[in-house]
Amino acid sequence: MKIDLTNTTSSKINAALMEARRASGSTAAGMVLTLVIVTDEGSAYDALKAANDASREHPMRTLAVIKRAGRSPRARAETRLDAEILVGSDAGSGETVILRMHGELAAHAQSVVLPLLLPDAPTVVWWPDNAPQHPAQDPLGALAQRRITDAVTAESPVGQLAQRAQSYTPGDTDLAWTRLTGWRSMLAAALDQRPSTIVSAAVEGESYNPSVELLGLWLLNRLHVPVERVVTGGPGITAVRLRTKDGDITLDRPDGLLGMLSMPGSPDRQVALKRRETSELIAEELRRLDPDDIYSTAVRTPVERLSEHDDSVPAAAEQIAQAVEASVAESDGGPAAPADTAGAEKKPAAKKAAGKRAAAKDDA
């Protein structure tokens with residue numbers, strides 16, 4: 001069932017929800033939480049689809065807040081609330097209300113959302129993109145017990161982690177962390193099967209994927225060993241290597257579907273490590289409403305503590321070094337240098353070439 005309300009109020013929306021519930025033959029709500037999605041028109045469809053799929057595991061009332069402040073003075077002066085109500089099969093296992101706020105009302109979204117929250121039920125706010133710098137201090141975030149962001153949608157995903165660390169408040173979480181659940185479970189299980197002393201670790205993945213950094217920071221905090229961050233072409237996280245005195249424990253996933261777990265003294269075996277849909281990530285986050293202490297420890301660890309290595313351009317760096325060495329050799333005497341002076345010029349030329357080669361590698 002779909003109900004459209006134009007130029008409406010929160011009380012009229014509540015009345016329409018009650019009427020729709022009676023029409024469907026169910027007067028009880030039967031929902032466990034309220035999910036508030038703060039998004040725009042471009043991302044609303046995907047976010048609502050993910051929420052509807054997650055509602056089959058968590059029956060809930062979904063409130064999609066779409067702010068349309070307007071670009072012209074006339075549009076900004078027109079304050080109006082339009083609502084689209086979905087119940088029944090169109091809303092998964094719950095109720096969905098799409099709130100489009102026009103004009104100055106967009107700056108006071110919490111006044112519209114507050115009367116629509118389910119009584120005596122927890123509230124979760126999710127920003128699929130364009131999350132505020134301080135989610136807990138946001139007017140809508142202040143209404144929630146849990147606040148979900150996604151650093152991967154930011155302009156600088158890795159830089160977003162520093163902002164999340166600075167603004168962290170108990171109840172905050174990020175989908176970049178949720179994507180690591182399978183990796184963390186597999187690595188913990190591998191060490192349970194074969195207890196070993198880890199001397200160092202390496203995490204490989206895309207340069208713009210914040211989950212790679214979070215996984216490295218988690219290993220750094222849990223194992224207390226040096227962790228290297230290696231840049232690869234992806235997709236996502238491609239491998240984790242735990243170095244021991246007996247050999248490497250490796251969890252490799254080159255295709256984003258299946259992983260290969262290798263341990264010293266054991267046969268290699270395939271494990272399920274498929275990259276999950278957003279609906280699965282949201283469903284996982286809604287299973288717990290208490291603060292995630294492990295995430296808070298990982299995100300508040302400076303990313304600079306990871307040593308970085310880029311495997312994506314090694315050939316280019318070597319070519320630059322060879323070109324610098326050749327140009328130095330030519331400027332210091334060239335191939336036709338006299339035999340009696342070649343030995344005298346060889347050492348300074350080698351020193352200059354070595355110095356410039358090191359500078360070229362640093363720049364690369």
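Residues numbered from 1 in each chain as written. Predicted model: local features only at pLDDT ≥ 70, side-chain atom pairs only at ≥ 80, totals over all residues. Heavy atoms only, no water.

1. Things to note about the overall build of the protein
- Along the protein, the regular secondary structure elements total twelve helices and 15 strands.
- Taken across its 364 residues, the protein has 46% of its residues classed as buried.
- Split by element, the accessible area of the protein, about 18,200 Å² in all, is 51% carbon and sulfur. (Helix = DSSP H or I, 4+ residues; strand = E, 2+ residues; numbered from the N terminus. Buried < 20%, exposed > 50% of the residue type's maximum accessible area, 1.4 Å probe, protein only. Areas by Shrake-Rupley, 256 points an atom, 1.4 Å probe, with all protein chains shown as cover.)

2. Examining the nonpolar core
- Within the largest apolar cluster, 34 residues are counted, with the highest numbers of intra-cluster contacts made by L187, V203, L215, L219, V240 and L242.
- Looking at this core, the elements with two or more residues in it are α6 (175–178), α7 (181–193), β9 (198–205), α8 (210–223), β11 (237–244), β12 (247–252) and α10 (293–299).
- By residue number, the principal contributor to this core is α8, which donates seven residues.
- Here L215 is in contact with L180, W183, R184, L187, V203, I237 and V240, once residues within four sequence places are set aside.
- Counting residues in hydrophobic clusters, the runner-up holds 26 residues, among them V87, V112, W127 and L140. (Core = buried A, V, L, I, M, F, W, Y, C linked by side-chain atoms within 4.5 Å. Contact = heavy atoms within 4.5 Å.)

3. A few points about α7
- Helix length check: α7 (13 residues) gives 18 Å between terminal C-alpha atoms against 18 Å at 1.5 Å per residue, within 8%.
- Taken together, the buried positions of α7 are W183, R184, L187 and A190. Looking straight down α7, one finds that the buried residues subtend no more than 130° of arc, so they occupy a single side.
- Tucked inside the fold, the buried residues of α7 contact α6, α8, β11, β12, β13 (258–262) and α10. (Expected span 1.5 Å × (residues − 1). Arc of directions from axis to C-beta.)

4. Some details on the packing of helix α2 (residues 41–54) against helix α9 (residues 278–285)
- Relative orientation of the contacting elements α2 and α9 amounts to 55°, with a least axis distance of 8 Å. Classified by the angle between their axes, α2 and α9 sit oblique to one another. Remark: the crossing between α2 and α9 carries right-handed chirality. Counting all contacts with α2, which are made through A50, D53 and A54, the residues of α9 involved are T278, S279, I282 and A283. (Axes fitted to C-alpha atoms, helices over the stretch in contact; angles between N-to-C directions. Parallel < 35°, antiparallel > 145°, perpendicular 65-115°, else oblique. Left-handed = near helix turned anticlockwise from the far one by under 90°.)

5. Structural notes on the sheet that holds strand β2 (residues 33–39)
- Across the sheet, which stays open at both edges, the eight strands sit in the order β1-β4-β5-β3-β2-β6-β7-β8 with mixed pairing between neighbours. If you trace the sheet from one side to the other, it starts and ends with β1 (2–5) and β8 (172–174), each paired once. Ignoring which end each strand starts from, the neighbouring axes of this sheet average 15° apart.
- Pairing geometry for strand β6 (residues 123–126) and strand β7 (residues 146–149), over three bridges, is parallel. Bridge pairing in β7 links V124 to R146.
- In the packing of α2 onto the sheet, contacts are made with β2, β3 (60–68), β5 (94–102) and β6, and the angle to β3 comes to roughly 175°. (Pairing = 2+ DSSP bridges.)

6. Details of the environment of V113
- Mapped onto the fold, V113 is located in helix α4 (residues 109–113).
- Residue classification places V113 among the buried positions, given a relative accessible area of 0%.
- Remark: the alpha-carbon pair of V113 and V65, spanning 48 residues in sequence, is separated by 8.3 Å.
- Those residues in contact with V113, other than ones at most four positions away along the chain, are V36, L63, V65, L99, M101, L140 and L143.

7. What about the packing of aromatic side chains?
- Scanning the model with the defined rule gives two aromatic pairs in all.
- An angle of 55° between the planes, with centres 5.8 Å apart, marks the rings of W177 and Y295 as tilted. A residue pair is termed long-range when its members are at least 10 positions apart, and W177 in helix α6 and Y295 in helix α10 qualify at 118 residues. Across this residue pair, the class does not change: W177 and Y295 are buried. (Phe/Tyr/Trp six-rings, centres within 6.5 Å; stacked < 30°, edge-to-face > 60°.)

8. Quick notes on the pattern of salt bridges
- Scanning the model with the defined rule gives 21 salt bridges in all.
- A salt bridge links E57 to R287, with the shortest nitrogen-to-oxygen separation between them at 2.7 Å. Here the residue E57 occupies a position in the loop between α2 and β3, and R287 occupies one in the loop between α9 and α10, the gap between them amounting to 230 residues.
- Residue classification places E57 among the partly exposed residues on the basis of a relative accessible area of 41%.
- By relative accessible area, R287 is classed as exposed at 53%.
- Bridged by salt links that share partners, the residues K2, E41, R68, E84 and R100 form one connected network. (Salt bridge = Lys/Arg side-chain N within 4 Å of Asp/Glu carboxyl O.)

9. As for the side chain of D129
- Within the fold, D129 resides in the loop between β6 and β7.
- As a buried residue without a salt bridge, D129 has its nearest oppositely charged side chain in R164, at a separation of 11 Å.
- A polar contact of 2.7 Å, which involves the side chain of D129, links it to the side chain of S43. (Lys, Arg positive; Asp, Glu negative; His and termini not counted. Polar contact = N/O pair within 3.5 Å; in protein donor to acceptor, adjacent residues only side chain to side chain.)

10. Describing the confidence of the model for the protein
- Confidence in the prediction of the protein, expressed as mean pLDDT, is 84, and 81% of residues score 70 or more.
- By mean pLDDT, the top-scoring element of the protein is β6 (97), and the lowest-scoring one is helix α12 (residues 339–363) (42).
- Scored below 50 in pLDDT, residues 312–321 makes five contacts in the model with residues more than four places away or belonging to other chains. (pLDDT = per-residue confidence, 0-100.)

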